[in-house]
Amino acid sequence: MSSEDARSSLIEQVRERFGARAVLTDPADLAPWLTDWRGRWHGRADGILAPADTGEAAAMVGLAAELGVPLVPQGGNTSMVGGATPPEDGSALVLSLRRMSRIRSIEAGSAVVEAGVILADLHTAAADQGQRFPLTLGARGSCTVGGLTATNAGGTQVLRFGTMRALVLGAEAVLADGSVHNGLSGLKKDNRGYSLDHLLIGSEGTLGVLTAVRVKLVPAITSRAVAWVGLSDPQRALALLRAMESVTDRIESFEILPEAALRRVVEHIPAARAPLQGAHSWHVLVEATSTASGSETPEQLLQRLLEDALADGTAADATISSSEGQAEAFWLLRDSISEAERASGMAAQHDISVPVDVMPRFMVEAAQQVERAFPGTEAFGYGHLGDGNIHFHVRAPTGAAAGWPEGNGKAVSRFVHDLVTEAGGSISAEHGIGQMKREELARLLPPARLRSLQAIKHALDPAGILNPGKLIG
Ligand code: FAD
Ligand code: MLT
Ligand code: ZN
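Residues numbered from 1 in each chain as written. Chains lettered and ligands numbered in written order. Predicted model: local features only at pLDDT ≥ 70, side-chain atom pairs only at ≥ 80, totals over all residues. Heavy atoms only, no water.

For the protein chain, the count of helices and strands is 17 helices and 18 strands. Its C-alpha atoms give the protein chain a radius of gyration of 23 Å, near enough to 23 Å, the size a compact globule of 473 residues would have. Expressed as a percentage of contacts within the protein chain between residues at least 6 apart in sequence, the contacts between residues at least 24 apart total 73%. Taken as two groups, the 42 positive and 54 negative side-chain charges of the protein chain have centres that lie 3 Å from each other. (Helix = DSSP H or I, 4+ residues; strand = E, 2+ residues; numbered from the N terminus. Rg over C-alpha atoms; globule rule 2.2 N^0.38 Å. Contact = heavy atoms within 4.5 Å. Lys, Arg positive; Asp, Glu negative; His and termini not counted. Charge placed at Lys NZ, Arg CZ, Asp CG, Glu CD.)

Attention now moves to the nonpolar core. In this structure, Val229, Met244, Phe254, Leu302, Phe392 and Val394 are the most contacted members of the largest nonpolar core, which totals 43 residues. Looking at this core, the element that brings in the most residues is helix H14 (residues 359-373), giving 6 residues. Filtering out sequence-adjacent residues up to four positions away, Phe392 remains in contact with Ala348, Gln349, His350, Ile352, Met363, Ala366, Ala367, Val370, Ala379, Phe380, Gly381 and Val416. (Core = buried A, V, L, I, M, F, W, Y, C linked by side-chain atoms within 4.5 Å. Buried < 20%, exposed > 50% of the residue type's maximum accessible area, 1.4 Å probe, protein only.)

What follows concerns the coordination of the zinc ion (ligand 3). Distances from the zinc ion (ligand 3) to its protein donors, His384 (NE2), His391 (NE2) and Glu430 (OE), fall at 1.9 to 2.1 Å. Among the residues examined, His391 registers a relative accessible area of 5% and is labelled buried. Residue classification places Glu430 among the buried residues on the basis of a relative accessible area of 11%. (Donors = N, O, S within 2.8 Å, 3.2 Å for Na, K, Ca; no water.)

Turning next to the site of ligand 1. Around ligand 1, 35 residues are found, and the nearest of them are Pro73, Gly75, Gly76, Thr78 and Thr144. A distance of 2.9 Å separates an oxygen atom of ligand 1 from a polar atom in the backbone of Gly154. Between ligand 1 and Gly205 there is a distance of 3.5 Å, counted from a nitrogen atom to a backbone nitrogen or oxygen. For ligand 1, the accessible surface in isolation is 970 Å², of which the surrounding protein chains cover 97%. Of all the secondary-structure elements, those providing two or more residues to the shell around ligand 1 are strand E3 (71-74), helix H5 (145-150) and strand E10 (208-216). Considering every element that reaches the shell around ligand 1, the biggest residue donor is H5, with 4 residues. (Near = heavy atom within 4 Å. Polar contact = N/O pair within 3.5 Å; in protein donor to acceptor, adjacent residues only side chain to side chain. Areas by Shrake-Rupley, 256 points an atom, 1.4 Å probe, with all protein chains shown as cover.)

This brings us to the sheet that holds strand E4 (residues 93-96). Ordered by their spatial adjacency, 4 strands build an open sheet running E1-E2-E4-E3, and the pairing between neighbours is mixed. Bordering the open sheet on either side are strand E1 (23-24) and E3, each of which pairs with just one other strand. Where E1 lies against strand E2 (residues 48-49), 2 bridges are found, and the strand directions are antiparallel. The residue of E2 that forms the bridge with Leu24 is Ile48. (Pairing = 2+ DSSP bridges.)

This next bit is on helix H15 (residues 409-422). Between the first and last C-alpha of H15 there are 20 Å, a value that for 14 residues agrees with the 20 Å anticipated at 1.5 Å per step. If you follow the buried residues of H15, they end up packed against strand E16 (347-353), H14, strand E18 (389-395) and helix H16 (438-444). Where H15 terminates, the next one or two residues include Gly424, which has phi positive at roughly 75°. (Expected span 1.5 Å × (residues − 1).)

Every residue lining ligand 2 is accounted for by Arg38, Met80, Arg334, Ser338, Tyr382, His384, His391, Glu430 and His431. At 2.7 Å from an oxygen atom of ligand 2 is found a side-chain nitrogen or oxygen belonging to Ser338. Between Tyr382 and ligand 2, the recorded distance is 2.3 Å, taken from a side-chain N or O atom to an oxygen atom. Relative to its unbound accessible area of 260 Å², ligand 2 is 86% covered by the protein chains. Among the residues forming the shell around ligand 2, the class breakdown is 2 nonpolar, 4 polar and 3 charged. (Nonpolar A, V, L, I, M, F, W, Y, C, P; charged D, E, K, R; others polar.)

Time to look at the packing of aromatic side chains. Taken as a whole and assessed by the stated rule, the structure comprises 3 aromatic pairs. Ring plane angle 25° and centroid distance 6.5 Å describe the contact between Phe380 and Tyr382, whose orientation is recorded as stacked. We note that Phe380, like Tyr382, is buried. Sitting over the ring of Trp33, Arg98 keeps its end group 3.3 Å from the ring centre. A cation over a ring is seen here: Arg342 above Trp37, with NZ or CZ 3.9 Å from the ring centre. (Phe/Tyr/Trp six-rings, centres within 6.5 Å; stacked < 30°, edge-to-face > 60°. Lys NZ or Arg CZ within 6 Å of the ring centre and 35° of its normal.)

This is how it looks when you write it as C-alpha cells:
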C-alpha cells in the first residue's frame with residue numbers, strides 16, 4: 001500500500017470506528033493547526049485525528065503503527081520551536097489531544113488531568129477547590145497540559161515551584177505500538193526500574209502520546225504584590241534577587257527585560273503602559289506571595305526590601321502594585337513580550353540557560369559580541385533571570401530579506417549557541433528542540449548524551465512513527 005493510501009485508510013477506519021468528530025479533513029479546519037505560533041513553519045497533513053478518550057487514542061496509534069503512518073501529537077500549538085507542526089511533505093497526520101479536556105479528579109495536593117486541558121482552565125479548577133497549580137506562562141489561555149508536559153515547560157513561576165518535571169507526579173501515555181502506560185497511581189515511592197513518566201516529560205511527542213497526567217497542587221495564595229523596578233544593569237538585578245532571597249522565601253517571580261523590549265510592548269499592545277516615569281536601561285518584575293494571613297503582607301515585604309535596594313543603589317526606581325488590577329497590568333507587560341516581539345519584525349530567537357551567577361555578564365557580553373560580529377543586528381535578552389534562562393533575540397538588520405532567521409540568521413544562531421556552550425550552558429532551556437534546533441542539538445550535544453537519546457528513541461519507537469523530524473527523530 002502506498003503511504004498516501006495508508007493515510008486514507010487510517011482516516012477512513014478512524015471515522016468508521018469513532019465517528020465524524022474524531023477526524024478533521026476540511027482544509028479550513030486544518031489550516032490553523034498546520035503553522036506554528038511564530039508563523040515560521042508551514043506543514044501539510046491530510047487530516048487531524050482527535051480522540052475523545054484514552055481508549056480511542058490507543059486504537060488510533062495502534063492503527064497508525066500497523067499502517068506505518070507517522071503521527072504528530074499536538075495540544076494548543078503554541079510551540080516556539082515548530083514542535084507540533086507536521087512535516088511539509090504531508091507524510092504525517094496530526095493527532096490532536098484537545099478533545100481530551102476532562103479533569104478526572106481533584107484531591108488535596110494533586111489532580112488527574114487529561115492532556116487537552118488548557119492551562120488557564122486547570123488554574124480555575126484548582127482555585128475553585130482552594131488550591132493552586134503554580135506553573136504559568138504567557139500562552140496559558142491556549143497551551144495544554146499535554147504540551148506543557150511534553151516540553152517540560154517552565155514559565156514565570158519556576159523560581160519557587162520548578163518546571164513541569166517537578167509538578168508532574170505521574171503520566172498516562174499511549175506508546176508507539178498502541179499500548180498504554182498508566183503511571184497515574186500517585187505512588188510516592190516506586191523504584192521498578194527506569195521511570196517511564198520522566199522519560200515522557202520533555203520528550204516532545206517523540207516517545208509516546210500523553211493522554212493524562214497527575215499534577216501537583218499547592219495551597220492557594222491569600223495575597224500577592226508585584227513590583228516593577230528600574231535599574232542600570234543585569235548584575236544589579238541579580239544582586240537584588242540574591243538580597244531578597246537571603247531574607248525571604250516568598251519571592252515567586254523575578255523577570256528581567258531591557259528598555260527596548262518594554263518600548264516595543266507599549267507600542268504594540270493596547271492597554272500597555274510603562275510603570276515608571278523616565279527610562280531605565282533594565283527593568284525587573286518581582287512577585288511576592290503569601291498563603292497565610294501573617295503580620296507582614298507581600299506588599300509590605302516588597303516595600304521593605306526595595307527601600308533597602310533604593311538606598312544602597314541596587315535599584316534606581318521602583319513601584320509596587322496597590323491593587324490586583326495593577327498587579328495584572330504589570331504582568332500584562334511581561335507576558336506580552338513574545339507577542340510584541342513577533343509584531344516587531346524578523347529575529348533569530350534563542351532560549352538559553354547558563355549558570356545563574358554567570359547570566360548577568362553573559363547577556364551583556366554576548367549581545368555586544370553578536371552585534372560586533374553581525375553588523376546591523378540588535379541583540380538583547382529577557383526573561384527568567386532567576387532561573388539563569390533568558391530568551392536571547394537577535395533582530396535582523398534593516399532591509400534583510402524575508403526568511404532571514406532560516407537564512408543568514410542561522411550563522412547568528414550558531415554563533416550564539418557556541419557562546420552558550422562555551423559558558424557551560426544549554427541551547428534549549430525550556431522550549432524544547434522541535435524542528436528548529438534539531439541540527440544544533442546534533443552539532444553540540446556531547447556524543448555520549450546524543451547516543452543515549454538516539455538509543456532511547458529507537459527502543460521506544462523503532463519504526464519512527466511519533467513526531468518524525470523533531471528533537472532526535
Ligand atoms: P504544542 O505546541 O501543541 O506542542 C508542543 C510539543 O509537545 C510538540 O512537540 C508536540 O508534539 C508535543 N505534544 C503536545 N501535546 C502532546 C501530548 N499530549 N503528548 C505528547 N506530546 C505532545 N514555554 C515555556 O516553557 N515557558 C514560557 O514562559 C513560555 N511562554 C510562552 C508564551 C507564549 C506567548 C507562547 C506562544 C508560548 C510560550 N511557551 C513557553 C512555549 C510552549 O512550549 C508552551 O506554551 C507549551 O509548553 C506548549 O503547549 P501546547 O499545548 O501548545 O503544545
Ligand atoms: C517567555 O518567557 O515569554 C517565553 O518563553 C516565550 C518567548 O520566548 O518569548
Ligand atoms: Zn520563557
